[in-house]
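Structural features, examined
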Amino acid sequence: MVVNLRKIVILIALGLGIGAFFAFDLGRFLTLDYLKSSQTAFAELYANQPLTVAAVYFLIYVAATALSLPGATIITLAGGAIFGLLWGTVIVSFASSVGATLAFLMSRFVLRSSIESKFGNRLTEINKGIEKDGAFYLFTLRLIPVVPFFVINLVMGLTKMKARTFYWVSQIGMFAGTIVYVNAGTQIAQIESLKGILSPGLIGSFVLLGLFPLIARKIVEAVKKRKVYARWSHVKPQSFDRNLIVIGAGAGGLVSAYIAAAVKAKVTLIEAHKMGGDCLNYGCVPSKALIKSAKLASQMRHGEKYGLSDTTPTFSFKTVMQRIHAVIAAIEPHDSVERYTGLGVEVLQGYAKLVNPWTVEIALNDGGKQTLTARSIVIAAGARPFVPPLPGLEEVGYVTSDTLWDAFAQLDEVPKRLVVLGGGPIGSELAQSFARLGSAVTQVEMGPRIMAREDEEVSELAKQALMADGVDVRVGHKALRCEMIDGEKTLIVEHQGAEQRIAFDQLLCAVGRSARLTGYGLEDIGIPTNRVVETNEYLETLYPNIFAAGDVAGPYQFTHVAAHQAWYAAVNALFGDFKKFKADYSVIPWATFVDPEVARVGLNEMEAKEKNIPYEVTKYGIDDLDRAIADSEAHGFVKVLTVPGKDKILGVTIVGAHAGDLLAEYVLAMKHGLGLNKILGTIHTYPTMAEANKYAAGDWKRAHQPEKLLAWVKKFHDWRRG
């Protein structure tokens, strides 16, 4: 209440001040004609009462700047005309900085809370940039008077920049421009109009001021580089064996090497284990092959849904696993040594280690060693499954999402009792699949719900789907330890303060993946890590010639994001001296391939609420879609978040058959700024699942009908009927 009262008082004071300025036509004193006609009188007054004139001038300047009133240019010229170059510069410099800071603080106190409530997400991103480079950006804006200074004052007040930083940067940044204008004021008798200030010489001065921050940035970057590389200066090669070395042949490494070869750079790709990385060998490919077999088994059990007889599927689990390995083998040529060698990439199989920022030692798998130098290096070492430190886990044995494919390929039958630790996408996909193949699956999740990054209704729908397939989903259960009890493997969990025992034959750890940060020299050359390799917006590490991409860099552990980052890493590595590109994470899609699938891009409701972003929800039930009904897949929904009153898409969540495929239309729309009206105006083939996107857009359109206009249209049609 006190804060609101203060805001009201400030607003009243501002209103009175601005009102008085216009009511009493004070602007007439802020004209070049008035200044020139009064120059002699001001000079005499200053000669008789210098301190009084200086103090009054200072206060007028501060008030005009704080209230964002027009006329700052005239007042600055007056400073030069009255006080001369030296004292005019000193007085104007401090008065303008103090007034600007007052405007900054008033903007922060009066406007920021309401602006944050409406544009919280955008301000979050802006504040990240301000925190990192805000002082430099403000300094640049102060040097070049292209953006009106009162606008800068008000906008910066909406950010989280510290007031003292704003003051001293403004003081320094405006100093050069202040000298130019005050100097022009000393020549006021020769100036016929404000346009006259912009003489060729003055314009040249501002051009130099404009180039200064760019030159300054280059100098700062050069100094930083010199400091970073200081300990290695004596070992920097005079020439390099390669333009680019890429460590890791997963999605990020393969794309980086491909791009380098495509632009005719000399590139070496180093992989210690299998080409294709986690996605081909342990993740995306084998899991989707398993999901397909499991879904077919489920459909056979529920044949009645399709007018057929329910049938218990008979199969060899070993054959199912053989098919999965056959699928991997069929896709392997896409990522093979032979293919990339044919593209112009040198592929070495062995363990790479960074010796210095330009040198990599390779312990080749055939026993040899090789040392290479490169102007740039891309680290794409990927991630590995995280294994929780559960007492007794090693004794009872376990598999991960990496090792299960080889371990289970040795089994004659599907595991009878399978415990899946983890309720994320990997754990949920594998739990449902093995349940459909006949395992008694217990899924243990410590949190209150599975798939916790999705909206609650999505998590609940996924949970019900897994339970319908026989998965015993236990949320709010914390794994404590593993024990052998009477010769039986047992997991001890805690739920609501009580311990429970879960017997199992196989235990699958699927509690997440952690970046590979050790074993290839990061620690030896001092590259910082914090769960992932620390990079800037250009994917540069501590050393500007060493980049990271994919799971090892974060923030997303998706194959398509790794490939996306690889473009930025490779292009910046090869051409960054001329132009750098910031990695763009504005539109990142992902999908979880449980049945029904869950796919998302942009914000969901949970995130919008957390970030205090206003939104509207349009939800279309797929149970009403013709093709879904025909396929007996009539469940799920399309949920679209939009800007209130507008068709701009903030985010989309789709639950249903082929959700991952349906999402692509929204990814395209968001990437290119297309709204729901454009989707509604696009022809969708009938009957397809993709029509769900059109109907969702139609629901939004109906909710935003121009009711008053339609009422008049109805009257028009009534009149036409006579």
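Everything discussed here concerns the structure shown above.
Sequence order sets the numbering: in each chain, residues are counted from 1 along the sequence as written. Predicted model: local features are reported for residues with pLDDT of at least 70 only, side-chain atom pairs are reported and counted for 80 or more only, and whole-chain, interface and lining totals are derived from all residues. Side-chain metrics rest on all non-hydrogen atoms present in the structure, leaving aside hydrogens and water.

**Notes on the state of the cysteines**
Two cysteine sulfur atoms make up a disulfide if the distance between them is within 2.5 Å. Scanning the model with the defined rule gives 1 disulfide in all. Put simply, cysteine 279 and cysteine 284 are joined by a disulfide, and their sulfur atoms are 2.5 Å apart. Torsion about the S-S bond of the cysteine 279 and cysteine 284 cystine: about -130°, corresponding to left-handed handedness. For cysteine 482, which is in no disulfide, the shortest distance to another cysteine sulfur is to cysteine 509 and amounts to 7.6 Å.

**Considerations on the packing of helix α12 (residues 284-301) against helix α17 (residues 425-436)**
One way to put it is that α12 packs onto α17 with a least axis distance of 8 Å and a crossing angle of 45°. Considered as vectors, α12 and α17 are oriented oblique to each other. In terms of crossing hand, the pair formed by α12 and α17 is left-handed. The segment α12 lies against α17, with Ser287, Lys288, Leu290, Ile291, Ala294, Lys295, Ala297, Ser298 and Arg301 engaging Glu429, Leu430, Ser433, Phe434 and Arg436. In terms of residue class, the contact of α12 with α17 is made up of 6 nonpolar, 3 polar and 5 charged. Only the stretch in contact is used when a helix axis is fitted, and all axes are lines through C-alpha atoms; the angle between N-to-C directions ranges over 0 to 180 degrees. Put simply, DSSP marks the helices as runs of H or I at least four residues long and the strands as runs of E at least two long, and each gets a number from the N terminus on. Should an angle fall under 35 degrees it is taken as roughly parallel, and over 145 as roughly antiparallel, whereas 65 to 115 is taken as roughly perpendicular and any remaining angle as oblique. Throughout, a crossing is termed right-handed when the near helix is turned clockwise from the far one, and left-handed when it is turned anticlockwise from it by less than a right angle. Two residues form a contact once any of their heavy atoms are found within 4.5 Å. In this classification, Asp, Glu, Lys and Arg are treated as charged, Ala, Val, Leu, Ile, Met, Phe, Trp, Tyr, Cys and Pro as nonpolar, and every other residue, Gly included, as polar.

**A word on the side chain of asparagine 572**
Mapped onto the fold, asparagine 572 is located in helix α20 (residues 559-575). We define a polar contact as two N or O atoms separated by no more than 3.5 Å, with the added condition that, inside protein, one atom must be a possible hydrogen donor and the other a possible acceptor, whereas residues neighbouring each other in sequence contribute only through side-chain atom pairs. There is a polar contact of 3.1 Å between the side chain of asparagine 572 and the backbone oxygen of tyrosine 538. With residues near it in sequence (within four places) discarded, asparagine 572 still touches Tyr538, Phe547, Lys579, Lys580 and Phe581.

**Here's the deal with the pairing of strand β9 (residues 440-445)**
Three labels apply to residues, based on accessible area from a 1.4 Å probe with only protein chains included: buried if under 20% of the type maximum, exposed if over 50%, partly exposed otherwise in between. Most of β9 is tucked away: 5 of the 6 residues are buried. With α17 bridging strand β8 (residues 417-421) and the parallel β9, this β-α-β connection has right-handed handedness. Any two strands between which DSSP finds at least two bridges are classified as paired. Of the pairings in the sheet, the one linking β9 to strand β10 (residues 472-475) comprises 4 bridges and is parallel in character. Bridged to glutamine 443 within β10 is valine 473. For crossovers, right-handed means that the path from the first strand over the helix to the second runs clockwise, given strands pointing away from the viewer. Regarding the hand of the β-α-β motif, the stretch spanning β9, helix α18 (residues 456-468) and β10 is right-handed.

**Concerning the pairing of strand β11 (residues 478-485)**
Looking at chain direction, β11 and strand β12 (residues 488-495) are connected through 7 bridges and run antiparallel. Following the sheet pairing, cysteine 482 is matched in β12 by leucine 491. The loop that links β11 with its antiparallel partner β12 comprises 2 residues; one of these, aspartate 486, has a positive phi angle of about 55°.

**Some words on α12**
One less than the residue count of a helix, multiplied by 1.5 Å, gives the span that helix is expected to have. If you check α12, its first and last C-alpha atoms are 26 Å apart, about what 18 residues at 1.5 Å a residue would give, namely 26 Å. Taken as a whole, α12 has its buried residues at Val285, Pro286, Ser287, Ala289, Leu290, Ile291, Ser293, Ala294, Ala297 and Ser298.

**Observations concerning the sheet that holds strand β7 (residues 399-400)**
With parallel pairing, the 5 strands of this open sheet are ordered in space as β7-β14-β8-β9-β10. At either margin of the open sheet sits one strand with a lone partner, and together these are β7 and β10. Bridge count for β8 against β9 is 5 bridges, and the pairing is parallel. Looking across to β9, one finds that leucine 418 is bridged to valine 441.

**Thoughts on the side chain of glutamate 271**
Looking at where glutamate 271 falls in the secondary structure, it is placed in strand β2 (residues 267-271). Only four residue types enter the tally: Lys and Arg on the positive side, Asp and Glu on the negative side; His and the chain ends are excluded. Any Lys or Arg side-chain nitrogen found within 4 Å of a carboxyl oxygen on Asp or Glu counts as a salt bridge. Buried within the structure, glutamate 271 lacks any salt-bridge partner; arginine 516 is the closest side chain of opposite charge, at an N-O distance of 7.6 Å. In contact with glutamate 271, not counting residues within four places along its chain, are Gly248, Ala249, Gly250, Leu348, Gln349 and Gly350.

**Regarding a nonpolar patch on the surface**
The patch calculation keeps residues exceeding 30% relative accessible area without a salt bridge and links them within 9 Å when they carry like charges or within 5 Å when they are nonpolar (Val, Leu, Ile, Met, Phe, Trp, Tyr). Working definition of accessibility: Shrake-Rupley area with a 1.4 Å probe, residue cover restricted to the visible protein chains. Taken together, Leu86, Trp87, Val90 and Phe94 make up a surface patch of nonpolar side chains, about 420 Å² in accessible area. Along the chain, the position of tryptophan 87 falls in helix α5 (residues 72-143).

**So, the environment of glycine 252**
Within the element layout of this structure, glycine 252 appears in helix α10 (residues 251-262). Owing to a relative accessible area of 5%, glycine 252 belongs among the buried residues under this scheme. When the C-alpha positions of glycine 252 and valine 552 are compared, they lie 9.5 Å apart, and in sequence the two are 300 residues distant. With residues up to four places along the chain from it excluded, the contact list for glycine 252 reads Ala380, Ala562 and Ala566.

**Focus on the sheet that holds strand β19 (residues 589-592)**
Pairing is antiparallel in the open sheet, where 5 strands are placed in the order β19-β20-β23-β22-β21. The sheet is open, and its two borders are formed by β19 and β21 (616-621), each paired with just one other strand. Neighbour-to-neighbour, the strand axes of the sheet open up by a mean angle of 10°, direction not taken into account. Sheet topology places strand β20 (residues 597-602) next to strand β23 (residues 649-656); 6 bridges connect them, and they run antiparallel. Each bridged residue has a counterpart across the sheet, and for glycine 602 the counterpart in β23 is glycine 651. Of the strands in this sheet, β20, β21, β22 (637-642) and β23 are in contact with α18, which crosses β22 at around 165°.

**Details of a positive patch on the surface**
Positive charge collects at one region of the surface, where Lys218, Lys225, Lys236 and Arg375 lie side by side. Relative to the elements of secondary structure, lysine 236 occurs in the loop between α9 (200-229) and β1 (242-247). Judged by its relative accessible area of 43%, lysine 236 is partly exposed. Note that the charge is assigned to NZ on lysines, CZ on arginines, CG on aspartates and CD on glutamates.

**Some thoughts on the packing of aromatic side chains**
The criterion for an aromatic pair is that two Phe, Tyr or Trp rings (for Trp, the six-membered ring) have centres within 6.5 Å, with stacked assigned to planes under 30 degrees apart, edge-to-face to planes over 60 apart and tilted to the rest. Tallied over the entire structure, the rule returns 16 aromatic pairs. Both rings, one in phenylalanine 558 and one in tryptophan 590, keep their centres 5.4 Å apart while their planes meet at 25°; by these two values the pair is stacked. Here phenylalanine 558 is found in the loop between β18 (546-548) and α20, whereas its partner tryptophan 590 is found in strand β19, with 32 residues between them in sequence. For tryptophan 590, a relative accessible area of 10% corresponds to the buried category. Only Lys NZ and Arg CZ are tested; either one counts as a charge over a ring when it is within 6 Å of the ring centre and within 35 degrees of the ring normal. Here the basic side chain of arginine 453 rests over the ring of tryptophan 590, its NZ or CZ set 4.9 Å away from the ring centre. Of note, lysine 715 hangs over the ring of tryptophan 712, and the distance from its end group to the ring centre comes to 4.5 Å.

**Examining empty space enclosed by the protein**
Cavity: a set of points on a 1 Å grid over the protein atoms alone where a 1.4 Å probe fits but cannot get out. Pocket: an open set with protein on both sides within 12 Å along at least five of seven lines, its lining residues, like those of a cavity, having an atom within 4 Å of a point. Grid points are joined across faces, edges and corners, and a volume is the space filled by probe spheres set on the points. Per the counting criterion, the structure on display carries 1 cavity of 30 Å³ or more. Of the pockets and cavities examined, the largest cavity occupies roughly 40 Å³. Together, Pro385, Phe386, Ser401, Ile426, Cys509, Ala510, Val511, Gly512 and Arg513 line the largest cavity. Here the lining of the largest cavity is built from residues that sort into 6 nonpolar, 2 polar and 1 charged.

**Some thoughts on the pattern of salt bridges**
What the rule picks out here adds up to 29 salt bridges. With a shortest N-O distance of 3.7 Å, lysine 295 and glutamate 633 are connected by a salt bridge. Taken together, the residues span a long stretch of sequence, with lysine 295 in helix α12 and glutamate 633 in the loop between α22 (626-630) and β22 at a distance of 338 residues. The closest approach of N and O atoms between lysine 318 and aspartate 412, which form a salt bridge, is 3.1 Å.

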